[in-house]
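Summary of structural features
Here's the letter readout for the chains.
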Amino acid sequence: MPDSTTKKPRILLAGAPFGRNHIGEEALVECVVNLLRELRPDAEIWVSTDDQAATRKKLDVMTYPLFGFDPPGFDPVSMRQGIRDSDAFIWSSATGLSAASNVPLELLQHAIDLGKTTAVFCTAMNDEPAPALDERRPNKQHILFDLLKQLTFGRIDLGEAFERKRIEATHSTMKRTLPKTNLVILRDAQSKAQLSQILGETAAIHLASDPVITLACPDIDRCRFPDATLRCLERNQPKIGLCLSADPVAKHMSALQERFGQLISERGVKLVGIPANPLIDTAFLNEFRQGLTHPNEMHIIEGTYEPDEINAAISRMDVVVSSRLPLLTLASITLTPFVGIGGGAQVTEFTGQFGLPDLGNVEELDVGQLSDEILRLMDHRAAFRSTAKTIRLEMLNRLKEAKGQLKALLSEL
């Protein structure tokens, strides 16, 4: 047993946009911190976050500013000092390995160069840039690219060339950094297959699950929802939870509004808008509601809430329909039936594990099949729950094995 003078091992959790109100990343950091406390209760845990005060208060951790993401920018000197002062660097992120940013990989490389214990833990890789990581904003360069493409009727697309070079640079960084990382564990088979193509089939890549599946689900009366939301959630009426973001579904807006309008008229459902990111999704959900024939039959949960509170709201749904993966993951915790639309390969990978159909990509969303699938799940809820329970146990077992691997690594600190 170490005596009272022994220095506590310091573990730094960084490389993801924590503290920016995205439900997936906030749920992830909470679950990973809980997991680290279970594995190394003697450790001092530090988190790089954009909301240091809130993260400290909720998770009882020490914090650094958010390293590696703009805006608002970060201090490279502070970043390097934070890694230097740590004994272990852990990178866990919803879609961190997607072609969006080299900076988290550079943080990992810096930790490796300093001889720190390093782990990529339950990070994922999508086939599309991750919105939470891709912090680019329209600038003169992008405006010029778009203008040139328009003037040449698409014959010259410098934006596509720029994007291709950016992806190639990210893959090059992966090849340089990940083989030197002490432990690489990804959260799904699709991510592992994609990374294996980049690094080579012999790369030491392990498979686990999303730690968010361990998130708690509190009683609804313990949540901070306003009275109108609580009344909606407690109504004895079929409820469909909706999480829609503009990128995957904007071009299908009118068709989706018509279909959900039919569900309201024919099945008496109540639509409940559940933003994954309140700063981005709420406005789009409001726009969607205004186009419904019966807009009063859709309630939107507005404001910022903790992941477990959103989990409690989801547990009151009959079906969840989402273009964002985190809402599907939360639904799986309480065995709530769900349907994924758009969102890239990660959504298809996740829903496929539960035997759910692929409803089409961003360009070709099958709205009719979506409606049929919602009705099927509403009418056969028990069958879905039985299948989902088995799949969830398999996910928990993979996560348990990954925890054992991480524990062995951290025991050396």
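Computed from a predicted structure; not experimentally measured. (Residues numbered from 1 in each chain as written. Predicted model: local features only at pLDDT ≥ 70, side-chain atom pairs only at ≥ 80, totals over all residues. Heavy atoms only, no water.)

Notes on the sheet that holds strand 4 (residues 88-91)
Strand order across the open sheet formed by seven strands is 3-2-1-4-5-6-7, with parallel pairing between neighbours. In the strand order of this sheet, the two ends are held by strand 3 (62-64) and strand 7 (206-207), each with one partner. With four bridges connecting them, strand 5 (residues 117-123) and strand 6 (residues 183-186) associate as parallel partners. Following the sheet pairing, alanine 119 is matched in strand 6 by leucine 183. (Pairing = 2+ DSSP bridges. Helix = DSSP H or I, 4+ residues; strand = E, 2+ residues; numbered from the N terminus.)

Thoughts on the pattern of salt bridges
Scanning all chains against the criterion turns up 12 salt bridges. Ionic pairing is found between glutamate 309 and arginine 224, a salt bridge with its closest N-O pair at 2.7 Å. Of the two residues, glutamate 309 sits in helix 12 (residues 307-314) while arginine 224 sits in the loop between strand 7 and helix 8 (227-234), which places them 85 residues apart along the sequence. When its relative accessible area of 5% is taken as the criterion, glutamate 309 is described as buried. Arginine 324 is the partner of aspartate 281 in a salt bridge, and the nearest nitrogen-oxygen pair spans 2.9 Å. Of the two residues, aspartate 281 is situated in helix 11 (residues 281-290) and arginine 324 in the loop between strand 11 (319-322) and helix 13 (325-333); the sequence distance between them amounts to 43 residues. (Salt bridge = Lys/Arg side-chain N within 4 Å of Asp/Glu carboxyl O. Buried < 20%, exposed > 50% of the residue type's maximum accessible area, 1.4 Å probe, protein only.)

Some points on helix 3 (residues 76-84)
For helix 3, the complete set of buried residues consists of Met79, Gly82 and Ile83. Down the axis, helix 3 shows its buried residues gathered within 95° of arc, on one side only. Buried residues in helix 3 make contact with strand 1 (10-13), strand 3, strand 4 and helix 4 (103-113). The opening residue of helix 3 is aspartate 75, an N-cap whose side-chain oxygen sits 3.1 Å from the backbone nitrogen of valine 77. (Arc of directions from axis to C-beta. Contact = heavy atoms within 4.5 Å. Polar contact = N/O pair within 3.5 Å; in protein donor to acceptor, adjacent residues only side chain to side chain.)

A word on the nonpolar core
Core analysis: the largest hydrophobic core is formed by 96 residues, its most contacted members being Phe260, Val321 and Leu406. For this core, the element with the highest residue contribution is helix 1 (residues 23-39), accounting for 10 residues. When neighbours within four sequence positions are excluded, phenylalanine 260 is seen to be in contact with Ile240, Leu242, Leu271, Phe288, Leu292, Val321 and Ile374. Leu107, Val120, Met174 and Leu178 belong to the second largest nonpolar core, which has 24 residues in total. (Core = buried A, V, L, I, M, F, W, Y, C linked by side-chain atoms within 4.5 Å.)

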